[in-house]
Amino acid sequence: MRVIDKEKPVLVTGATGYVAGWIVKKLLNEGLTVHATVRDPHNTDKLKYLQNIAAQAPGTLKFFKADLLEAGSFDEAMKDCELVFHTASPFINKVKDPQRDLVDPALIGTKNVLDAVNRTASVQRVVLTSSSVAIIGDAIDCESFPNGLATEAYWNTTSSVTHQPYNYSKVVAERAAWEINKKQDRWDLVTINPSLVIGPGLNAFATSESFNIVRQIGDGSMKFGIPEFYIGVVDVRDVAEVHFKAGFTPQAKGRYITSAENTGLLPLANILKKKYGTAYPFPSRYLPKPLVWLLAPLAGFKRKMISRNVGHEWKVDNSKSIQELGVHYRPIEESITEMFQQLADNGIV
Ligand code: NAP
């Protein structure tokens, strides 16, 4: 059980990220001092929205330069912190070199951050932003779980650097974090394992893959049909709330699946269609799986990924987060609509 002193600064890595932005905002609104690491603290244009949030909140925001691939670069930012939120990790689907672009920053980055934690005597707790993909590699994996439902007890054992490399980057990083944590007893580790995060960004030009996925539902690229992908979704503001609760609830322990609803891409498109009608070219039917499989390489997807995901139900059990952290998940209708409206307002769809 760790009781975190709210007078002490709190570290957030990757503060410019979509998820991290809402965590920083929550901490500032609670009056905390946030040490925010960014790759380029001199890029004032990129950081302005966070500074504006800080200006209107009781808390204090300080930027520090740190790169996941640079050993020692988190030390200065971590000084005097009792709580560390490690969120920085690339979330992109299309990369040239999966080892260099995904696995190295996730894994080496996590090791570098936790090495700094081991060197920083003040740290009591680390909250790591992992992912539901550290539990489920492909939707078909759910068929091996009781009732087809994934819980925190399971691990993704099916991803690799060549198959679902983003998912692989998250599972190796989380496994490494637990290994490092086990070797000492000063600080405890809590992981947050969100499904696909949706909802408005604080910075409408964020690079998170979440924006690409939601954009493609309405930009016409799927107007003739959508692959039968099942996913879970959760609002970005709820993900931030769960991080906060995981940080400051002394009894918080282990992994927390963070997901509002088990759903799919077509049900999300149908929510938007109900709201916007024919104003956008939303898909209204599933594409036949053999066609998706055949055309996958043209869209930059591997056929193995299609075989193991399209048409297979993807389901997680979110009850631990509700029971232990008291989370009230927002209706997904609200999250997807507000995110899509933001993309529309910015001329992105
Ligand atoms: P995002 O907006 O792209 O944020 C990623 C952050 O990681 C950015 O701040 C980025 O910094 C930082 N980063 C990347 N490479 C770095 C490096 N070498 N050194 C330092 N910082 C680096 O993505 P996000 O969706 O908010 O994702 C944040 C976290 O949530 C990730 O751990 C992701 O795996 C996890 N997650 C996301 C989702 C989702 O659906 N969005 C779901 C589950 C888990 P720059 O601004 O400098 O590029």
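Up top is the structure.
Residues numbered from 1 in each chain as written. Predicted model: local features only at pLDDT ≥ 70, side-chain atom pairs only at ≥ 80, totals over all residues. Heavy atoms only, no water.

**Some thoughts on the pattern of salt bridges**
This is how the line gets drawn: Should a side-chain nitrogen of Lys or Arg be within 4 Å of a carboxyl oxygen of Asp or Glu, the pair is scored as a salt bridge. Put simply, DSSP marks the helices as runs of H or I at least four residues long and the strands as runs of E at least two long, and each gets a number from the N terminus on. Partly exposed residues are those whose accessible area sits between 20% and 50% of the maximum for their type, while under 20% is buried and over 50% is exposed, using a 1.4 Å probe and protein chains only.
All chains considered together, the criterion is met by 18 salt bridges. Asp 188 is the salt-bridge partner of Arg 125, the closest N and O atoms lying 2.9 Å from each other. With a gap of 63 residues between them, Arg 125 in strand β5 (residues 125–129) and Asp 188 in strand β6 (residues 188–194) connect regions that are remote in the sequence. The exposure class of Asp 188 is buried, given its relative accessible area of 15%. Linking Arg 237 and Asp 235 is a salt bridge whose minimum nitrogen-to-oxygen distance equals 2.8 Å. Residue Asp 235 is classed as buried on the basis of its relative accessible area of 0%. Linked by salt bridges that have partners in common, Asp 235, Arg 237, Asp 238, Arg 330, Glu 334 and Glu 338 make up one network.

**Observations regarding the sheet that holds strand β4 (residues 83–86)**
Threshold: DSSP-based pairing: two strands are paired if at least 2 bridges between them are found. A fitted line through C-alpha atoms serves as each axis, taken over the contacting stretch for helices, and the angle formed by two N-to-C directions is quoted from 0 to 180°. Pairs of residues are marked as contacts when any of their non-hydrogen atoms sit within 4.5 Å.
Strand order in this open sheet of seven strands is β3-β2-β1-β4-β5-β6-β9, and the pairing throughout is parallel. Edge positions in the open sheet fall to β3 (60–65) and β9 (254–258), since each of these has one partner strand only. When strand polarity is set aside, the average angle formed by the axes of neighbouring strands in this sheet is 20°. Sheet topology note: the β5/β6 ladder contains five bridges and is parallel. Across the sheet, Val 127 pairs through a bridge with Val 190, a residue of β6. Packing against the sheet, helix α1 (residues 18–29) makes contact with β1 (10–13), β2 (33–38), β3 and β4, and its axis sits at approximately 165° to β1. Where helix α7 (residues 236–248) meets the sheet, it contacts β1, β4, β5, β6 and β9, and its direction lies at approximately 160° from that of β5.

**Things to note about helix α5 (residues 165–182)**
Selection criterion: Any helix carries an expected span of 1.5 Å times its number of residues minus one.
Over its 18 residues, α5 runs 26 Å from end to end, which matches the ideal 26 Å to within 8%, given 1.5 Å per residue. Counting buried positions along α5 yields 14 of 18 residues, so the element is predominantly enclosed.

**Focus on the side chain of Thr 249**
Inspection of the secondary structure puts Thr 249 in the loop between α7 and β9. Not counting residues within four places of it along the chain, the set of residues in contact with Thr 249 comprises Arg 125 and Leu 325.

**Describing the pairing of β4**
Burial along β4 is two-sided: Leu 83 and Phe 85 and Val 84 and His 86, pointing in opposite directions, are all buried. Where β1 lies against β4, four bridges are found, and the strand directions are parallel. For Leu 11, the partnering residue across the bridge sits in β4 and is Val 84. Pairing analysis gives four bridges linking β4 to β5, with the strands arranged parallel. Directly across from Phe 85, in β5, lies its bridge partner Val 127.

**Examining the site of the ligand**
Just so we agree on the cut-off: Proximity criterion: a residue is near a molecule or strand once any of its heavy atoms comes within 4 Å of it. Pairs of N or O atoms within 3.5 Å make up the polar contacts considered here, provided that, within protein, one atom can donate a hydrogen while the other can accept it, and that residues adjacent in sequence are counted only when both atoms are side-chain atoms. Residue exposure ignores everything except the shown protein chains as possible cover, and the areas themselves are Shrake-Rupley values with a 1.4 Å probe.
Neighbouring the ligand are 26 residues, the closest being Thr 16, Arg 39, Tyr 166, Val 197 and Ser 208. One nitrogen or oxygen atom from the main chain of Gly 17 is found 3.1 Å from an oxygen atom belonging to the ligand. Arg 39 has a polar side-chain atom sitting 2.7 Å from an oxygen atom of the ligand. Protein burial of the ligand: of its 890 Å² of free accessible surface, 92% is covered by the chains. The set of elements that each furnish at least two residues to the shell around the ligand consists of α1, α5 and β7 (196–198).

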